[in-house]
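# A structural walkthrough
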Amino acid sequence: FVLLAEQSPEVWRELIDVQMMGFINLARAVVPHMIAQGAGRIVQVGSDGGKVGQSGAAVASAAHGGMIAFATALARAVGRHPPSADTSARRRGDL
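Numbers given to residues run from 1 along each chain, matching the order in which its sequence is written. Given that the model is predicted, a residue must reach a pLDDT of at least 70 before its local features are reported, and side-chain atom pairs must reach 80 or more before they are shown or counted; all residues, however, enter totals for whole chains, interfaces and linings. Side-chain measures were taken over the full set of non-hydrogen atoms in the model, leaving aside hydrogen atoms and water.

## Quick word on the overall build of the protein
Put simply, DSSP marks the helices as runs of H or I at least four residues long and the strands as runs of E at least two long, and each gets a number from the N terminus on. Counting its regular elements, the protein contains 3 helices and 2 strands. The linear arrangement of helices and strands in the protein, starting from the amino end, is α-β-α-α-β. The classification of residues rests on relative accessible area computed with a 1.4 Å probe and restricted to protein chains. Under 20% of the type maximum is buried, over 50% is exposed, and intermediate values are partly exposed. Among the 95 residues that make up the protein, the fraction classed as buried is 27%. In this analysis, two residues are considered to be in contact whenever any of their non-hydrogen atoms come within 4.5 Å of each other. Of the contacts made within the protein by residues no fewer than 6 positions apart, 66% connect residues no fewer than 24 positions apart. Areas reported here follow the Shrake-Rupley algorithm with a probe of radius 1.4 Å; residue values treat only the protein chains shown as occluding. Total accessible area on the protein is roughly 6,100 Å²; 58% of this is exposed by carbon and sulfur atoms.

Rendered as structure tokens:
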């Protein structure tokens, strides 16, 4: 964990691209197929930092918060179709 001032914007972009945008891109790729076949489930597991923030991991916490918000919105959007999306936030040591 490093302080925000010690990270470069390139590191922030990588964190956001991998942690949040990776999940969004996955959903975009699979949801249409899940709707077409009438079944499917996306389960996103993030960290508790996305809900409450984590000291020394501000950008990662923001990315996890974005994943949680996206999964919740996605679940509402596809709720009228058979596929579903769920989100779960884990605290360190829950695994």
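## Details of the pattern of salt bridges
Pairing between side chains of opposite charge can happen when the charged atoms of each approach one another. Should a side-chain nitrogen of Lys or Arg be within 4 Å of a carboxyl oxygen of Asp or Glu, the pair is scored as a salt bridge. Following the criterion strictly, the structure yields 1 salt bridge and no others. Two residues, aspartate 17 and arginine 13, come together in a salt bridge whose shortest N-O distance is 3.6 Å. Of this pair, aspartate 17 and arginine 13 are both found in helix H1 (residues 9-37), 4 residues apart, which corresponds to roughly one turn of the helix.

## Some words on the confidence of the model for the protein
Of all residues in the protein, 82% attain a pLDDT of 70 or more, and the chain-wide mean is 82. For every residue, the pLDDT score states the predictor's confidence, bounded by 0 at the bottom and 100 at the top. Mean pLDDT in the protein bottoms out at strand S2 (residues 84-90), which sits at 56, and peaks at H1, which reaches 92.

## Concerning helix H3 (residues 58-77)
Multiplying 1.5 Å by the helix residue count minus one yields the expected span of that helix. The end-to-end C-alpha distance of H3 is 28 Å, a good match for the 28 Å that 20 residues give at a rise of 1.5 Å each. Within the span of H3, buried status applies to Val59, Ala60, Ser61, Ala63, His64, Gly65, Gly66, Met67, Ile68, Ala71 and Leu74.

## Some words on the side chain of serine 61
With respect to the element layout, serine 61 can be found in helix H3. Serine 61 gets classed as buried once you look at its relative accessible area, which sits at 8%. With near-sequence residues (within four places) excluded, serine 61 lies in contact with Gly49, Gly50, Gly53 and Gln54.

## Concerning H1
With 29 residues, H1 should cover 42 Å at 1.5 Å per step; its first-to-last C-alpha distance of 41 Å lies within 8% of that length. Throughout, bend refers to the angle between the axes fitted to the seven residues that end at a position and the seven residues that start at it. At methionine 21, H1 is deflected by roughly 40 degrees, the largest bend along its length. Buried within H1 are the following residues: Met20, Phe23, Ala27, Val31 and Met34. Count one or two residues on from H1 and you reach glycine 38, which has phi positive near 75 degrees.

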